[in-house]
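The residues making up each chain are set out below.
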Amino acid sequence: VVWLKPVAIVFYGNFVDNLRLYVRGGSGGMGLPRLGGQGGKGGDVWVVATKNMTLKRIKDKYPQKRFIGEAGANSSVRALKGEKGKDMEILAPIGITVTTDDGKIVGDMNTEGDRLMVVKGGPGGTFHSAFEPSKGQTKHIRLDLKLIADLGLVGFPNAGKSSLLTAMSNATPQIANYSFTTLKPEIGKVMYEDYKQISVADLPGLIEGAHINKGMGHKFLKHVERTKQLLFVVDVCGFQLASKTPFRSPFEAVLLLTKELELYKEELVSKPALLVVNKMDLPDAEDKLAELKEQLQNPDEFSHLLPDDMIPKSCITFRHIVPVSASTGFGVDRLKRCIRESLDEDSTMATKAIHQDRLQALRCHSHQHL
């Protein structure tokens, strides 16, 4: 196998992953009492999943963030039945969830061309309404984008995820030395010599209790759902979030991260995962790494170090455990090779499964004809 080193990076800043919009259906048209005419219905408002669209583009194009259906035409002597008002379409990116202000899901837009009506236009005036038209529905909706990336970096604040992304991809996220360092999702793209690109999402640092929505917990976890694989990042020396919180060893950090993912959505724990042990340039790092590896091989023997409610139901088996130092560059190339290997392995398996299904379908088809 010839391993290819990454040669280029594309980096997206200014990322918008949530947008609140005002939507109103068009008002109906007036009916004509004299001739029993009927006013046109107001236009509805739809969200339409569209290729190459971003929430930032919507925000820039419609700074007021107001979308209103056209009013229905009034009934007249020439046209007793008034024309319906034009619908309003909000072209939105694929991969968004439309929710109401209180978080109720209106619908998911996962495929190009998916359409979702968010408010109806008002009916026109008729004999039954004394020819008075009605107004359209009004509400605020949120467009919530779940990032889709090959790899999601998972780690507590200060594990060095941003520095790692920089080392892996020549990206330059803003890094500061405090908890919640990454405040917005950043996506780096690592390009290999054969032009294969792998997208890596560095997401806001998790904290203990993220699943109950402390800190940026939920905003972070919704993005993890959409990544193909997880890249856990821990500090080889462990970490302490604040003076009031207990010190956590790298092994405890792995268990706590697993627990957070499990509490949010159990299926997340079954995603393929790699573990990066960062800050290997620090003193005693080798001994600490050896201890961590031993603990990960027999997690049940060591999990008593944590309170019961912090122990995950099942421990993750990492495909690779890669020691690195983001600041010196040690181990970064090996990490890129492992990531590539792991993703390639999965896509090969997926392709095989598709072929098996097709073969099966062909066999069944030919049996039916015999």
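This one's a predicted model, so the numbers in the text were calculated from it and none came from an experiment.

### So, the overall build of the chain
The number of helices and strands found in the chain is 7 helices and 15 strands. Sequence separation of 24 or more characterises 73% of the internal contacts of the chain that already satisfy a separation of 6 or more. If you sum the accessible surface of the chain, you get close to 19,400 Å²; carbon and sulfur atoms cover 53% of it.

### Observations regarding a negative patch on the surface
On the surface, a cluster of negative charge is contributed by D284, E286, D287, E291, E294, D300 and E301. Taken together, the elements giving at least two residues each to the negative patch come down to α5 (285-297) and α6 (299-302). The element contributing the most residues to the negative patch is α5, with 4 residues. Position of E291 relative to the elements: it lies in helix α5. Judged by relative accessible area, E291 falls into the partly exposed class, the value being 45%.

### As for the environment of M280
Among the secondary structure elements, M280 is positioned in the loop between β14 (273-278) and α5. Exposure remark for M280: the relative accessible area of 10% places this residue in the buried category. Considered as a pair, M280 and D235 are 45 residues apart in the sequence and their alpha carbons are 8.4 Å apart. Setting aside residues no more than four positions away along its own chain, M280 makes contact with V236, A285, E286, L289, P323, V324, S325 and F330.

### Regarding the sheet that holds strand β5 (residues 88-93)
Taken in spatial order, the 3 strands of this open sheet run β5-β3-β8, and their pairing is mixed. In this open sheet, the two strands that pair with only one neighbour each are β5 and β8 (115-119). Pairwise comparison of adjacent strand axes, ignoring direction, gives a mean angle of 30° for this sheet. Direction of pairing for strand β3 (residues 45-50) relative to β8: antiparallel, over a ladder of 4 bridges. Directly across from V47, in β8, lies its bridge partner L116.

### Details of the packing of aromatic side chains
For the structure on display, the rule yields 5 aromatic pairs. For R115, the ring lying beneath its charged end belongs to W46, and the centroid distance is 4.5 Å.

### Things to note about the pattern of salt bridges
Taken as a whole, this structure holds 13 salt bridges when the rule is applied. Between K279 and D235 there is a salt bridge, with the nearest N and O atoms lying 3.2 Å from each other. Of this pair, K279 sits in the loop between β14 and α5 while D235 sits in strand β13 (residues 229-235), and the two are 44 residues apart along the sequence. E266 is paired through a salt bridge with K313; the nearest N and O atoms lie 3.0 Å apart. Note that E266 is positioned in the loop between α4 (250-264) and β14 and K313 in the loop between α6 and β15 (321-323), a separation of 47 residues in sequence. Among the charged side chains, a network of salt bridges with common partners joins R20, D101 and R142.

### Looking at α5
Taking 1.5 Å as the rise per residue, α5 with 13 residues should run 18 Å; its terminal C-alpha atoms sit 18 Å apart, in good agreement. Where α5 is concerned, the buried positions are A285, L289, L292, Q295 and L296. All buried residues of α5 fall inside an arc of 125° around its axis, so they share one side. Of the residues in α5, the exposed ones pointing more than 90 degrees away from the buried face are E286, D287 and Q297. Looking at the packing, one finds that the buried side of α5 touches β13, α4, β14, α6 and β15.

### Comments concerning the environment of I68
Mapped onto the elements of the fold, I68 is located in strand β4 (residues 66-68). Residues I68 and Q137 lie 69 residues apart in sequence; the distance between their C-alpha atoms is 9.9 Å. Not counting the four nearest positions on each side in its chain, I68 is found in contact with Y22, R24, V45 and M88.

### Quick look at the packing of α4 against α5
Relative to each other, α4 and α5 sit at 40°, their axes nearing to 9 Å. In terms of orientation, α4 and α5 fall into the oblique class. Contacts from P250, F251 and V254 in α4 reach L292, Q295 and L296 in α5. A breakdown of the residues in the contact of α4 with α5 according to their chemical character gives 5 nonpolar, 1 polar and no charged.

The rules behind each value
Starting afresh in each chain, residues are numbered from 1 along the sequence in its written order. This being a predicted model, a pLDDT of at least 70 is required before a residue's local features are given, and a value of 80 or more before pairs of side-chain atoms are given or counted; all residues contribute to the totals for chains, interfaces and linings. Neither water nor hydrogens contribute to the side-chain values; these are computed over all heavy atoms in the structure. A helix here means a DSSP run of H or I that spans at least four residues, while a strand means a run of E at least two residues long, and both kinds are numbered starting from the N terminus. In what follows, residue pairs with any heavy atoms lying within 4.5 Å of each other are defined as contacts. Surface exposure here means Shrake-Rupley accessible area, sampled with a 1.4 Å probe, where a residue is shielded only by the protein chains that are shown. Patches draw on residues past 30% relative accessible area with no salt bridge. Two like charges within 9 Å are joined, as are two nonpolar side chains (Val, Leu, Ile, Met, Phe, Trp, Tyr) within 5 Å. Only one rule defines a salt bridge in this text: a Lys or Arg side-chain nitrogen within 4 Å of an Asp or Glu carboxyl oxygen. Think of it this way: Lys and Arg go in the positive column, Asp and Glu in the negative one, and His and the chain ends go nowhere. Charge coordinates come from a single atom per side chain, which is NZ of Lys, CZ of Arg, CG of Asp or CD of Glu. Here the term buried applies to any residue with accessible area under 20% of the maximum for its type, exposed to any over 50%, and partly exposed to those in between, with areas from a 1.4 Å probe on protein chains only. Any two strands are treated as partners once DSSP identifies two or more bridges connecting them. Helix axes are fitted to C-alpha atoms over the stretch in contact, other axes to C-alpha atoms as well, and angles between N-to-C directions run from 0 to 180 degrees. Pairing of aromatic rings covers Phe, Tyr and Trp, the last counted by its six-membered ring, and requires centre-to-centre distances within 6.5 Å; plane angles under 30 degrees mean stacked, over 60 mean edge-to-face, and any other angle means tilted. Two conditions define a charge sitting above a ring: the NZ of Lys or the CZ of Arg must be within 6 Å of the ring centre, and it must be within 35 degrees of the ring normal. Each residue after the first adds 1.5 Å to the expected span of a helix. Note: the arc covers the axis-to-C-beta directions of the helix. Roughly parallel here means an angle under 35 degrees, roughly antiparallel means over 145, roughly perpendicular means 65 to 115, and every remaining angle is called oblique. Ten residues, namely Ala, Val, Leu, Ile, Met, Phe, Trp, Tyr, Cys and Pro, are considered nonpolar, four, namely Asp, Glu, Lys and Arg, are considered charged, and the remaining ones, Gly among them, are considered polar.

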